[in-house]
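# Observations on chain architecture
One letter stands for each residue in the lines below.
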Amino acid sequence: MLSSLFKVSPFQNQPVVDEASRAWIFDSFVWCIEQLDGDFFYQHSELVLPNNSFYPGSASSAVALADIIFANTLKYSGMSSWPIKLVSNENFYPKAMPQLLFKTALRGDTCQIANQVEIDTIDIPFHVSQLNQPQDLIAYLVQRKAGILVNQRGVIAPGGKDAFAQTVDLVACFMGFGVIFANTAYQFKGGCGSCNNRNLNRQAALPELETVYALALFCVLKGSDIKPVKKALKAHLYKPFRRAHKEISQYLRETTHPTHALLALTNQQLLTNN
């Protein structure tokens, strides 16, 4: 297990997260690859950064701008074919989520939903004030979409139902939004009612360091250039990110864990092909 590879002396840096958290993060990534379209992950997922390269353009109205951000998060998560709709908070009402039937891939351009004509949309509420903090808005939208993805898959993830909220946050990191999720893991609770709708804020379930660790695992598995991370990630999180990146790289080189070795093998194949 992980303990044999993460032993440290009192004079070395302690691991970024505890052993149980590390094991759960690795187990959950294996589950994501097996259940949430690993082919899309390796072939199309990219590290999404909160900048104009990933979220370009302008709009004539707040609603139009929200629609652009919403469409981009759908694209990067591979869920553009899903019947998910952004609606104003005033027009939103709770309804049962329809069960989607997939003909082919779960995500990406080849995703086809067999019963799309027969079902209602899956709505995500939005308040115009959320545009005051675009990165928080992106995280909120991705968290909702990750929750929809996990619910539609219907397969229990590591940790079971009690860890559902944490699983959703990890899935968001698996989809490439780890920088944004790490930056928004701590939510400011202040603000007046007109500029901070707490009901529409992202409620972080995975703590900062665990989110940073999941981000580092994504970067290692994808062979991502980590230089842009330094510029985009909150300053106090970059050092633990680098430590996590180093820990994970070493672990994947040395592990004999029966399921984590799958990550190591696929990672090696990916780096060889590149």
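Here's what I pulled together on the structure shown here. None of these values were measured; they are calculated from a predicted model.

### Remarks on the packing of aromatic side chains
Counted by the stated rule, this structure contains 10 aromatic pairs. For the pair Phe41 and Phe218, a centre-to-centre distance of 5.6 Å together with 80° between the ring planes defines the contact as edge-to-face. One end of the pair, Phe41, is in helix H2 (residues 38–43); the other, Phe218, is in helix H6 (residues 208–222), with 177 residues separating them in the sequence. Comparing Phe41 with Phe218 shows no difference in burial state: the two are buried. Taken together, a centroid distance of 5.8 Å and an interplanar angle of 85° make the contact between Tyr55 and Tyr76 edge-to-face. Here Tyr76 lies in helix H3 (residues 62–77) and Tyr55 lies in the loop between H2 and H3, a separation of 21 residues in the sequence.

### Some points on the packing of helix H4 (residues 134–153) against helix H5 (residues 164–183)
For any two helices packed against each other, the geometry comes down to the angle between their axes and how far apart the axes lie. Remark: H4 packs on H5, axes separated minimally by 8 Å, with the N-to-C direction vectors making an angle of 140°. Taken as axis vectors, H4 and H5 run oblique relative to one another. The chirality of how H4 crosses H5 is right-handed. Along the contact surface, H4 presents Gln135, Ile138, Ala139, Val142, Gln143, Ala146, Gly147, Leu149, Val150 and Asn151, while H5 presents Phe164, Val168, Asp169, Val171, Ala172, Met175, Phe177, Val179, Ile180, Phe181 and Asn183. A class-by-class count of the residues in the contact of H4 with H5 yields 15 nonpolar, five polar and one charged.

### Regarding unusual backbone geometry
Within the chain, Asp37 stands out as a residue other than glycine whose phi angle is a positive 70°. Within the secondary structure, Asp37 is located in the loop between helix H1 (19–35) and H2.

### What about H6?
With 15 residues, H6 extends 21 Å between its outermost C-alpha atoms, agreeing within 8% with the 21 Å of an ideal straight helix rising 1.5 Å per residue. Within H6, 13 of the 15 residues are buried, leaving the element largely enclosed by the surrounding structure. Looking one or two places after H6, you find Gly223, whose phi comes out positive at around 65°.

Calculation criteria
- Residues numbered from 1 in each chain as written.
- Predicted model: local features only at pLDDT ≥ 70, side-chain atom pairs only at ≥ 80, totals over all residues.
- Heavy atoms only, no water.
- Phe/Tyr/Trp six-rings, centres within 6.5 Å; stacked < 30°, edge-to-face > 60°.
- Helix = DSSP H or I, 4+ residues; strand = E, 2+ residues; numbered from the N terminus.
- Buried < 20%, exposed > 50% of the residue type's maximum accessible area, 1.4 Å probe, protein only.
- Axes fitted to C-alpha atoms, helices over the stretch in contact; angles between N-to-C directions.
- Parallel < 35°, antiparallel > 145°, perpendicular 65-115°, else oblique.
- Left-handed = near helix turned anticlockwise from the far one by under 90°.
- Contact = heavy atoms within 4.5 Å.
- Nonpolar A, V, L, I, M, F, W, Y, C, P; charged D, E, K, R; others polar.
- Expected span 1.5 Å × (residues − 1).

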